[in-house]
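# Analysis of the macromolecular model
Spelled out, the chains give:
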Amino acid sequence: TVKLGPFDYKGSGYQRGHLVPVADISFDSIAIVQSHYMTNMSPQKRAFNNGIWRELEQSTRDWAWKYEKVFVVAGPIFIEPVQYMKSGVAIPNSFYRVIYTQIGSQSHSIGFIIPNEVSEKNLHKYVTTVDEVEFVTGIDFFYGLMNPITEKAVESTYDINFWPINDQTYNLRRTKWNFE
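Quick look at the structure, then.

Procedures and definitions
- Within each chain, residues carry numbers counting from 1 in the order of the written sequence.
- Local features in this predicted model are restricted to residues whose pLDDT is 70 or higher, and side-chain atom pairs enter the listing and the counts only when it is 80 or higher, whereas totals over whole chains, interfaces and linings include all residues.
- Side-chain metrics in this entry use all non-hydrogen atoms of the structure; hydrogen atoms and water are not considered.
- Just to be clear on terms, a salt bridge is a Lys or Arg side-chain nitrogen sitting within 4 Å of an Asp or Glu carboxyl oxygen.
- Secondary structure elements follow DSSP: runs of H or I of four or more residues count as helices, runs of E of two or more count as strands, with numbering from the N terminus.
- Here the term buried applies to any residue with accessible area under 20% of the maximum for its type, exposed to any over 50%, and partly exposed to those in between, with areas from a 1.4 Å probe on protein chains only.

All right, on to the pattern of salt bridges then. A complete count under the given rule lists five salt bridges for this structure. Residues Asp24 and Arg61 are paired through a salt bridge, measuring 2.6 Å at the closest nitrogen-oxygen approach. You can see Asp24 sitting in the loop between strand S1 (14-18) and helix H1 (29-34) and its partner Arg61 sitting in helix H3 (residues 52-67), a full 37 residues away along the chain. The class of Asp24 is partly exposed, set by a relative accessible area of 27%. In this structure, Glu120 and Arg174 form a salt bridge, with 3.7 Å as the shortest nitrogen-oxygen distance. You can see Glu120 sitting in the loop between strand S7 (106-115) and strand S8 (127-128) and its partner Arg174 sitting in helix H6 (residues 167-175), a full 54 residues away along the chain. When salt bridges that share partners are traced, they join Arg54, Lys176 and Glu180 into one network.

What follows is the structure, given as structure tokens:
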């Protein structure tokens, strides 16, 4: 077996981008340690990781505070031909994040597919349905959290007004984070 480690990223031009950010699990010391496992990391361009991905992570935390409980799944998307770092680690073309919450009897979901590159675009430009992310990834997210009829309705639509984007965070990304 081949073991990957932080050294596999050295000199690659990519950061070890966390899929579950430490800030999301800072309440649990074991989870913090586990968040640094290589299985929680994927090659991300610096401007992507410090920029739009960071903004999406912050927005997700804002929604979690607002709605009290959200289910979040994130991961890489590979499109053929897959590129590799010298160490053999595959480089994702894009990343996805899907989010689901239920407020009373109302369920809401949203999906994002974002290219692994710097972006000046508003985060809303990358919004899509959970169904679309499922189609692209081949993964059935949130299975069993809703009855099939609700799941079909919730995952095939999104309400952009339910998932507000902070304009100050967007401006901070465009003027500072993309260049850090």
